[in-house]
Amino acid sequence: QVNLVESGGGLVQDGGSLRLSCAASGPTTNYATAWFRQGPGKEREFVAAISWSGRITNYAESVKGRFTISKDNAKNTVYLQMNRLKPEHTGVYYCAAATAIIGGTTSNLDYYDCWGQGTQVTVSS
């Protein structure tokens, strides 16, 4: 079981930036990591994912060119740099690990079997 702890959320104005962190602990195995967002009254949706090596990334269309996912394996930490934030980016951001995805990534929520507790991001207009 991979344990994930998110941090870095907060309140930011329209157009601002935040960087989220996801610190992992537990078994050191090859798995994909992703960020999902759940807005008020909405279903959880895919934001970005990164492979274990960090060489493969994919993004939801709505955040391409605005958000960047990266990782530091030495620190067991995945980051989500969010720039030019908009009110529609408001929500709880969850970090998740897909332990069955080895060497690649997936945007399919059903493959993610380990989840953090989430961190709140609020973008004010």
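Just so we're clear, the structure is a prediction, and the values are computed from it rather than from any experiment. (Residues numbered from 1 in each chain as written. Predicted model: local features only at pLDDT ≥ 70, side-chain atom pairs only at ≥ 80, totals over all residues. Heavy atoms only, no water.)

Caption draft 1: Representation of the pattern of salt bridges. A complete count under the given rule lists two salt bridges for this structure. Here Glu45 and Arg37 are joined by a salt bridge, their closest N and O atoms 2.8 Å apart. On the basis of relative accessibility, which here comes to 5%, the residue Arg37 falls in the buried class. Linking Lys64 and Glu61 is a salt bridge whose minimum nitrogen-to-oxygen distance equals 2.7 Å. A residue is classified by how much of its surface remains accessible, and Lys64, at 47% relative accessible area, is partly exposed. (Salt bridge = Lys/Arg side-chain N within 4 Å of Asp/Glu carboxyl O. Buried < 20%, exposed > 50% of the residue type's maximum accessible area, 1.4 Å probe, protein only.)

Caption draft 2: Just the packing of aromatic side chains, in detail. Summed over the entire model, instances satisfying the criterion amount to five aromatic pairs. With centroids separated by 5.8 Å and ring planes inclined at 75°, the aromatic side chains of Phe36 and Phe46 adopt a geometry described as edge-to-face. Pair noted here: Phe36 is in strand S4 (residues 32-38) and Phe46 is in strand S5 (residues 44-50), with a separation of ten residues, a long-range link. Through pairs of rings, three or more aromatic residues link up here, namely Phe36, Phe46, Tyr94, Tyr112 and Trp115. The lysine or arginine in question, Arg44, covers the ring of Tyr94, its NZ or CZ lying 3.7 Å from the ring centre. Positioned over the ring face of Trp115 is Arg44, at 4.8 Å from the centre of the ring. (Phe/Tyr/Trp six-rings, centres within 6.5 Å; stacked < 30°, edge-to-face > 60°. Helix = DSSP H or I, 4+ residues; strand = E, 2+ residues; numbered from the N terminus. Lys NZ or Arg CZ within 6 Å of the ring centre and 35° of its normal.)

Caption draft 3: Spatial organisation of the environment of Trp52. With respect to the helices and strands, Trp52 occurs in the loop between S5 and strand S6 (57-59). Note: C-alpha distance between Trp52 and Lys71 (19 residues apart in sequence) is 8.5 Å. Discounting chain neighbours no more than four positions away, the residues touching Trp52 are Thr28, Thr29, Asn30, Tyr31, Lys71 and Asn73. (Contact = heavy atoms within 4.5 Å.)

Just distances and angles here, no functional claims.
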